Amino acid sequence: VQLQACGGGLVQAGGSLRLSCAASGRTFSSYIMGWFRQAPGKEREFVAGVNWSGGSTVYADSVKGRSTISRDNAKNTVYLQVNSLKPEDTAVYYCAGRRGNWGTSTSVSYVSYDYWGQGTLVTVSS
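Thresholds applied
- Residues numbered from 1 in each chain as written.
- Predicted model: local features only at pLDDT ≥ 70, side-chain atom pairs only at ≥ 80, totals over all residues.
- Heavy atoms only, no water.
- Helix = DSSP H or I, 4+ residues; strand = E, 2+ residues; numbered from the N terminus.
- Buried < 20%, exposed > 50% of the residue type's maximum accessible area, 1.4 Å probe, protein only.
- Contact = heavy atoms within 4.5 Å.
- Areas by Shrake-Rupley, 256 points an atom, 1.4 Å probe, with all protein chains shown as cover.
- Pairing = 2+ DSSP bridges.
- Axes fitted to C-alpha atoms, helices over the stretch in contact; angles between N-to-C directions.
- Core = buried A, V, L, I, M, F, W, Y, C linked by side-chain atoms within 4.5 Å.
- Disulfide = S-S within 2.5 Å.

Undergrad: Give a description of the overall build of the protein that names residues and reports values.
TA: Each helix and strand counted, the protein has one helix and 11 strands in total. Going residue by residue from the N terminus, the α and β elements of the protein occur as β-β-β-β-β-β-β-β-β-α-β-β. When the backbone C-alpha atoms are referred to their principal axes, the protein occupies close to 40 × 25 × 25 Å. The buried share among the 126 residues of the protein stands at 44%. Long-range pairs, those at least 24 residues apart, make up 60% of the contacts in the protein between residues at least 6 apart in sequence. Element-wise, carbon and sulfur atoms account for 47% of the exposed surface of the protein, whose accessible area totals about 6,300 Å².

As C-alpha cells, then:
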C-alpha cells in the first residue's frame, strides 16, 4: 500500500488541524493504521492508532483527549484531528500502516509498521 499524507500547515496555539492520509490499493481495510510524529532533533513518536474497522483506537498520552483518529474505508483514508494545538505539537506527522493483530503494544511501536507516508509538517506558533 502507498500512503500520501496531507493537511499540515502553520497554526496558532489553541487551534486545530485535520490531517488526512490517502492510501492506494484495494486492501486498505485490512491494514491497521497509525499516526506518528517527529520533531527536530527528536525520535519518531507514536500519536494515535486505529484498527481495521475504526472501532478500536489508541492514543499517546500527549494527545489523549484532544485528538481523534478515524478512518473511512470506502475512501481509503485515515484522519487525525488535533485540537487545542500546542507549540510542542510541532513536528512532521507521518501516517503508517501494518497488517497483523490489533494490540496496544504493537500498535504504538513504529517498528511494527511496514508502510509509511512521506510526512506532512505541522507548525504551531505560540
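Now that the structure has been shown, we can carry on.
Undergrad: Can you lay out the sheet that holds strand β8 (residues 77-82) for me, pointing to particular residues and giving the numbers?
TA: Hydrogen bonding along the main chain pairs the strands of a sheet, whether they run parallel or antiparallel. Reading across from one edge, β1-β3-β8-β7 is the order of the four strands in this open sheet, with antiparallel pairing throughout. The open sheet terminates on both sides in strands that have one partner only, identified here as β1 (3-6) and β7 (67-72). Each neighbouring strand pair of the sheet contributes to a mean axis angle of 15°, computed without reference to strand direction. Bridge count between strand β3 (residues 17-23) and β8: six bridges; the pairing is antiparallel. By the bridge assignment, R18 is partnered in β8 with Q81.

Undergrad: Run through the pairing of β1, naming residues and quoting values.
TA: Of the two faces of β1, the one holding L3 and A5 is buried and the one holding Q4 and C6 is not buried anywhere. With four bridges joining them, β1 and β3 adopt antiparallel strand pairing. Note that in β3 the partner of C6 across the bridge is S20.

Undergrad: Describe the pairing of strand β11 (residues 120-125), listing the residues and the values that go with them.
TA: Looking along a regular strand, one sees side chains alternate from face to face of the sheet. Going residue by residue along β11, you find T120, V122 and V124 tucked away on one face and L121, T123 and S125 left uncovered on the opposite face. For strand β2 (residues 9-12) and β11, the ladder comprises four bridges, and the chain directions are parallel. Of the residues in β11, the one forming a bridge with V11 is V124. Where strand β9 (residues 91-98) meets β11, three bridges bridge the pair, whose relative direction is antiparallel. Residue pairing across strands places V92 opposite L121, the latter belonging to β11.

Undergrad: Can you tell me about the nonpolar core, naming the residues and giving the values?
TA: Ranked by internal contacts, the top residues of the largest apolar core, which has 34 residues, are M33, W35, V47, I69, V78, L80 and Y93. Contributing elements (two or more residues each) for this core: β1, β3, β4 (32-38), β5 (45-50), β6 (57-59), β8, β9 and β11. Residue contacts for V78: discarding those within four places in its chain leaves L19, S20, C21, F28, M33, W35, V50, I69, S70 and R71.

Undergrad: Which residues make up the state of the cysteines, and what values do they have?
TA: For the structure shown, the criterion picks out one disulfide. Paired by a disulfide, C21 and C95 hold their sulfur atoms 2.0 Å apart. Between C21 and C95 the sulfur-sulfur dihedral comes to about 55°; the bridge is accordingly right-handed. Taken as a pair, C21 in strand β3 and C95 in strand β9 lie far apart in primary sequence, 74 residues in all. Looking at C6, it has no disulfide partner, and the nearest cysteine sulfur is the one in C21, 8.3 Å off.

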